[in-house]
Amino acid sequence: MQSSTNQRLWSTKAKTLDPYVPGEQPKHDNLCKLNTNENPFPPSPKVSQAIEEVLVNQATALRLYPEPESDKLRDTLAKTYGLQREQVFVGNGSDEVLALVFACFFMQGDGKLASAKPLFTPDISYSFYPVYGMTFDVERKVIPLADDFSVNVDDYIHADEDCGGIIIANPNAPTGLLMSLADIETLCNARPDSVVVIDEAYIDFAVVEGKSGLKVGSAVNLIEKYDNLVVTQTFSKSRSLAGLRVGMAFANPSLIEALTRMKNSFNSYPLDRLAQAGAIASLEDSDYFSHVCQQVIRLRDELVQALTLLEFKVLESHANFVFVKPPTSIVEGNSEQLASVLREQGIIVRYFNKPRISDYLRITIGTKEQNDRLLESLQALSKSQQKSEENTETSKMTNNTTNKRDDLRFFLKCYNANTGKSKTYRFDNQDALAEFAKKANSKGLTIVDTHITFLGVELLFAPISEEDSVITATDINFAEDGSYCLNEWAKSFN
Ligand SMILES: Cc1ncc(COP(=O)(O)O)c(C=O)c1O
């Protein structure tokens, strides 16, 4: 086979694209996956029933093409949101819907709508927008969020450039902050000749009355009033159906017609039969939907409280994730390092190496068990950092004053990639530890943390939460001077 780096036959566009990088989808289930804002609860049981019913009819099930315009699903959506079918568009996830939105309303160079006028978009928002901008040659004017990460609507109204469209996620990602409906109306009014897109991927987790007393929540009903407004939503988050790939847009019928034309110039059947049936069943089980949203909101509030107690800075979240800045008491407040320490412990969160937000982490709301596992790790990290600071002095003193080697204990915390679990091993001497460490790799274990205790007090390094098996207890072999021992031991693992 030819080398895959041979780009001779690629189009210029394919060569210049900088594709979106989705969050990690790990290969095994034992990880605590808090990185891609999926719902921690399963979809309504009626969804799988509906899918099974489609499959039962072997004669038609997967042999025939699906209904191209997904009319039944659009009718069910229209009924759910009090709209007409002509105001509803569906696609293969809201990512696809957004791509078609860019192609329909923002694409440059057509000499007509939006030509050479930039799309206005916040500097911190969903990372797919710049990618679509590149794919569809859409020039963008990036408008910085305020210092508190809120959207300043005036910046969109009074910008000098002509506006070729506006796209804002509400609640915003990854901040979780929410704009008021009044602000959205202001944008629609101020830019009547541009399409204003409000990406409501997370809106079902937003509280209806904002703290400010301003009316917040979904802008779907505003489409009756503003013919330049497009609201997109998804089944991936609040309806636990990220794997089914269903997203939608609500807008004035003429904008929906444009989307349909674009869809039919690209893929006439974006939603398969199973997706259409599953999405309808999900909409029909409104009790289950409300229950799941309430559970996620409750778990979010609990997590926010616990993280605040741990001195995290937590932005006010209206989504199924929290955007947080760790305190210096945890891995010295280094978010990237914290994400990687948590990863080693089997917990995945999302770190963005981007200006203004590189001190933050985005953490998806998990089940109670998942959130507790995260909090336990953070608590242990917080304690160990405090202890190691306190013990720096103790350690120096100990090294100079005592040779009570029998009371030294050595620990290795290992992550097992096969089981996704971490375990701490205790050793009575450094040789036993070194012996084990040598073999760790071949056993599929990665060494995550190392530390030493003296008379039960931690002298060095990071935490343990559980003490386990004593591997062996052979002779202790280190210098009389405790500090020499610790340094030598530490060096052997560098
Ligand atoms: C703001 C925002 N919009 C849209 C999407 C895309 O959702 P989907 O394609 O799963 O419907 C996401 C996914 O994470 C998102 O965060």
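These figures come from a predicted structure and were not determined experimentally.

Conventions adopted
Residues numbered from 1 in each chain as written. Predicted model: local features only at pLDDT ≥ 70, side-chain atom pairs only at ≥ 80, totals over all residues. Core = buried A, V, L, I, M, F, W, Y, C linked by C-beta atoms within 7 Å. Buried ≥ 20, exposed ≤ 12 C-beta atoms within 10 Å, placed from the backbone. Helix = DSSP H or I, 4+ residues; strand = E, 2+ residues; numbered from the N terminus. Domains from an automatic or database assignment. Contact = placed C-beta atoms within 7 Å. pLDDT = per-residue confidence, 0-100. Axes fitted to C-alpha atoms, helices over the stretch in contact; angles between N-to-C directions. Parallel < 35°, antiparallel > 145°, perpendicular 65-115°, else oblique. Left-handed = near helix turned anticlockwise from the far one by under 90°. Nonpolar A, V, L, I, M, F, W, Y, C, P; charged D, E, K, R; others polar. Near = placed C-beta within 6 Å. Pairing = 2+ DSSP bridges.

Now for the nonpolar core. Judged by nonpolar contacts, the single largest core of 107 residues is most densely connected at Val 101, Ile 166, Val 230, Val 231, Ala 249 and Leu 259. Per-element tally for this core: the top contributor is helix α4 (residues 93–106), with nine residues. In terms of domain composition, this core takes at least three residues from each of domain 1 (41–284) and domain 2 (294–317 + 328–402). The contacts of Val 231, once residues within four sequence positions are left out, are Ile 198, Glu 200, Ala 219, Val 220, Ile 223, Ala 249 and Phe 250. Membership of the second largest hydrophobic core comes to seven residues, among which are Leu 412, Cys 414, Leu 433 and Leu 445.

Moving on, we get to the confidence of the model for the protein. Segments scoring low in pLDDT should not have their predicted coordinates read at a detailed level. For the protein, per-residue confidence averages 84 on the pLDDT scale, and 79% of positions sit at 70 or higher. Below a pLDDT of 50 lies the segment residues 396–406, which in the model reaches nine contacts outside its immediate sequence neighbourhood of four places, other chains included. A low-confidence stretch, residues 455–494 stays under pLDDT 50, and its non-local contacts, those more than four residues away or across chains, total 78 contacts.

Attention now goes to the environment of Glu 200. Mapped onto the elements, Glu 200 comes out in the loop between β6 (196–199) and β7 (229–234). On the neighbour-count criterion, Glu 200 (23 C-beta atoms within 10 Å) is buried. Taking C-alpha positions, Glu 200 is 9.2 Å from Val 220, a pair spaced 20 residues apart along the chain. When neighbours within four sequence positions are excluded, Glu 200 is seen to be in contact with Asn 170, Ser 218, Val 231, Thr 232 and Gln 233.

With that out of the way, let us pick up the packing of helix α3 (residues 71–81) against helix α9 (residues 273–284). Taken N-terminus to C-terminus, the directions of α3 and α9 make an angle of 20 degrees; their axes are 9 Å apart at the nearest point. As judged from the angle between their axes, α3 and α9 are roughly parallel. Relative to α9, α3 is oriented so that their crossing is left-handed. Contacts from Lys 72, Leu 73, Thr 76, Leu 77 and Thr 80 of α3 reach α9 at Gln 276, Ala 279, Ile 280, Leu 283 and Glu 284. Considering only residue class, the contact of α3 with α9 consists of five nonpolar, three polar and two charged.

In this section: the site of the ligand. Close to the ligand lie 13 residues, the nearest being Gly 93, Ser 94, Asp 95, Thr 234 and Ser 236. Per element, the largest residue contribution to the shell around the ligand is three residues, and it comes from α4. Among the residues forming the shell around the ligand, the class breakdown is five nonpolar, six polar and two charged.

With that settled, the discussion passes to the environment of Pro 253. Secondary-structure assignment places Pro 253 in helix α8 (residues 253–263). On the basis of neighbour counts, which here come to 15 C-beta atoms within 10 Å, the residue Pro 253 falls in the partly exposed class. Each C-alpha atom, one on Pro 253 and one on Asp 227, is 8.6 Å from the other, the two residues being 26 residues apart in sequence. When residues no more than four places from it in sequence are discounted, the contact partners of Pro 253 are Glu 86 and Gln 87.

In this model, Asn 170 is joined to Pro 171 through a cis peptide bond whose omega is -5 degrees. Assignment of secondary structure puts Pro 171 in the loop between β5 (166–169) and α7 (181–190). Here the bond from Ala 173 into Pro 174 is cis, since omega is 5 degrees, no more than 30 degrees from zero. Within the secondary structure layout, Pro 174 lies in the loop between β5 and α7. You will see that Asn 37, though not glycine, has its phi angle at about 55 degrees, which is positive. Position of Asn 37 relative to the elements: it lies in the loop between β1 (32–33) and α2 (45–56). Classification of Asn 37 by C-beta neighbours within 10 Å gives buried; the count is 22. Phi is positive for Arg 356, which is not a glycine, with a value near 75 degrees. Tracing the backbone shows Arg 356 in the loop between β12 (350–351) and β13 (361–364).

Their axes nearest at 8 Å, the elements α2 and α9 cross at an angle of 145 degrees. Classified by chirality, the crossing of α9 by α2 is right-handed. From α2, Lys 46, Val 47, Gln 49, Ala 50, Ile 51 and Val 54 reach across to α9, where they touch Arg 273, Leu 274, Ala 277, Gly 278, Ile 280, Ala 281, Ser 282 and Glu 284. Partitioned by chemical class, the residues of the contact of α2 with α9 number eight nonpolar, three polar and three charged.

Okay, the sheet that holds strand β10 (residues 321–325) next. The four strands are arranged β9-β10-β13-β12 in an open sheet whose pairing can be described as antiparallel. The outermost strands of the open sheet, each flanked by one partner alone, are β9 (313–314) and β12. Bridge analysis of β9 against β10 gives two bridges, and the strand direction is antiparallel. For Lys 313, the partnering residue across the bridge sits in β10 and is Lys 325. Sheet strands touched by helix α10 (residues 286–309): β9 and β10. Its angle to β10, the strand with the most contacts, is close to 10 degrees.

In the sheet, strand β3 (residues 119–122) pairs with strand β4 (residues 140–143) via four bridges, with the strands oriented parallel. Paired with Thr 121 across the strands is Val 142, a residue of β4.

Turning our eyes to something else, we now look at the pairing of strand β8 (residues 247–251). The two faces of the sheet receive side chains in turn, since in a regular strand these alternate between them. A large share of β8 lies buried, amounting to five of its five residues. Neither face of β8 is exposed, since Gly 247, Ala 249 and Ala 251 on one face and Met 248 and Phe 250 on the opposite face are all buried. Two elements, strand β2 (residues 88–91) and β8, share four bridges in a ladder whose sense is antiparallel. Within the sheet, the bridge partner assigned to Gly 91 lies in β8 and is Gly 247. In terms of strand pairing, β7 meets β8 through five bridges, oriented antiparallel. When the bridges of β8 are listed, Gln 233 appears paired with Met 248.

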